[in-house]
Amino acid sequence: RTAEDIAMLAPGVNMGSPELIGGPLGTPALVFGGASTAENAYYVDGMNTTELLNNQGGIALPYGSIEQQQTFISGYDARYGRSIGGVVSQIGKSGSNEWHFGARASWQPGSLREDPVNYYYANPLITTPGSKPGDLAVFRKNNNRSETIYDAYASGPIIEDRLFFFVGVEQDNTHYRTTSSFSSSATSEDVTVHDPKVYAKINWNINDANVFSLTGLQNEHKTWGTIYDFDYDTRQRGDFNSLDQTGKTAFRVWVANYTSYLTDNLT
C-alpha cells in the first residue's frame, strides 16, 4: 500500500540494508538493480519529489490516491535525470463528472503478534559475570508493535464538464516498545509514530483547447516516546525516566500545469 511496497513487486528491487534508517519520512530505503540507496528518484505527476539532502526516499501519494505507478530500473530516458539506480513515478487520481467516495481501515494489533526472541551472549572467550555465554543480553519478550492505517478519498465535479476535484487522505499510526541491552542503567521505551499524507487536485477545462490543473501533496513524519527504567534482575519495567526527543518532518509540494492544445482549422 506504499510506493516502496509497490516498487518491490518489480524484479531487481529489494529492501536496503536494515542498518539504514531510510529517508526523513520514515520510508524504507530501496536498492534498484544493485545501485546504492542514495541513487534513486521519486516523481509525482512529473514533479521530482526526491528528498534533497541525502537522496533517501521521497514524497509519495496516499494509497487511495494512486492512479498508476511506474518502476524504472534501467534504460529510462533523460527526463528522470540525477539517478542511476531506479525511479518510482506515480500519477495521482483526478476528478470527473461522476462522484466517487471510498474509505479503508487496517489494524494490526500488537497483542496478536508473536513475542520477539531474547538475545543472549555467546562468545566463549568472555568470562565477565553477566556477559558470559548464555547470559541475557537484550530482553525483547515484552516488545511489541501495533499499527492502524486509515484511508479516505472523495472526487467529483464542481462545475460539470469544466471543473473537477479529487481529495485523498491517509493516517498511519504506529506504536511500539523497545528495551535496551543489559546494563545497570537499562531502559524501556514506548514510541509513537504518526505518518499522515494529504493529496488534492483540481482540474479546470478552461475550453476545448486549454486545460489547467493544480496539485497539492503533503507528507509528514512525527515521532515521540516515553522512557522508563528497566530492571534486568526482575525483568520488569520501573519508574518513569524521561521523555524522548520529539521529531517532526514535513514536506509540501504544489504543482501547477497549464496545457494548450493547438488545432488547425481546415477549409
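Everything here concerns the structure above.
Bear in mind the structure is a predicted one, so any value in this text is a computation, not a measurement.

Each value, and the rule that gives it
- Residues numbered from 1 in each chain as written.
- Predicted model: local features only at pLDDT ≥ 70, side-chain atom pairs only at ≥ 80, totals over all residues.
- Heavy atoms only, no water.
- Salt bridge = Lys/Arg side-chain N within 4 Å of Asp/Glu carboxyl O.
- Helix = DSSP H or I, 4+ residues; strand = E, 2+ residues; numbered from the N terminus.
- Buried < 20%, exposed > 50% of the residue type's maximum accessible area, 1.4 Å probe, protein only.
- Phe/Tyr/Trp six-rings, centres within 6.5 Å; stacked < 30°, edge-to-face > 60°.
- Core = buried A, V, L, I, M, F, W, Y, C linked by side-chain atoms within 4.5 Å.
- Patch = residues over 30% accessible without salt bridge, like charges linked within 9 Å, V, L, I, M, F, W, Y side chains within 5 Å.
- Areas by Shrake-Rupley, 256 points an atom, 1.4 Å probe, with all protein chains shown as cover.
- Lys, Arg positive; Asp, Glu negative; His and termini not counted.
- Contact = heavy atoms within 4.5 Å.

Next up on the list: the pattern of salt bridges. By the definition in use, this model includes 8 salt bridges. The residue Asp77 makes a salt bridge to Arg79 at a minimum N-O spacing of 3.1 Å. Where Arg237 meets Asp190, a salt bridge forms, and the shortest distance between an N and an O atom there is 3.0 Å. You can see Arg237 sitting in strand β14 (residues 236–243) and its partner Asp190 sitting in strand β12 (residues 187–207), a full 47 residues away along the chain. With a relative accessible area of 25%, Asp190 lands in the partly exposed category. Connected through salt bridges with shared partners, the residues Arg1, Arg145 and Glu147 form a single ionic network.

Looking now at the packing of aromatic side chains. What the rule picks out here adds up to 12 aromatic pairs. Geometrically, the ring pair formed by Trp99 and Phe165 is edge-to-face, given 5.9 Å between the ring centres and 65 degrees between the ring planes. Here Phe165 lies in strand β11 (residues 163–179) and Trp99 lies in the loop between β6 (87–92) and β7 (100–108), a separation of 66 residues in the sequence. On the numbers, 6.3 Å between centres and 85 degrees between planes, the contact of Tyr228 with Phe240 is edge-to-face. Here the residue Tyr228 occupies a position in strand β13 (residues 210–231), and Phe240 occupies one in strand β14, the gap between them amounting to 12 residues.

It is worth spelling out the nonpolar core at this point. In this structure, Leu25, Val44, Ile59, Leu61, Ile66, Phe166, Tyr199, Leu217, Val253 and Val255 together form the largest nonpolar core, which totals 10 residues. Core analysis: the second largest hydrophobic core is formed by 9 residues, Ala10, Phe32, Ala60 and Val88 among them.

Quick look at a nonpolar patch on the surface now. Taken together, the side chains of Val167, Val169 and Val198 make up a nonpolar region of the molecular surface, amounting to roughly 190 Å² of accessible area. Locating Val198 in the fold gives a position in strand β12. The partly exposed category is assigned to Val198, whose relative accessible area is 37%.

Let us now look at the side chain of Glu4. Structurally, Glu4 can be placed in helix α1 (residues 3–7). In this structure Glu4 is buried but unpaired, with Lys197 as the nearest side chain of opposite charge at 5.9 Å. When sequence neighbours within four positions are dropped, the list of residues in contact with Glu4 reads Thr27, Pro28, Leu30 and Tyr42.

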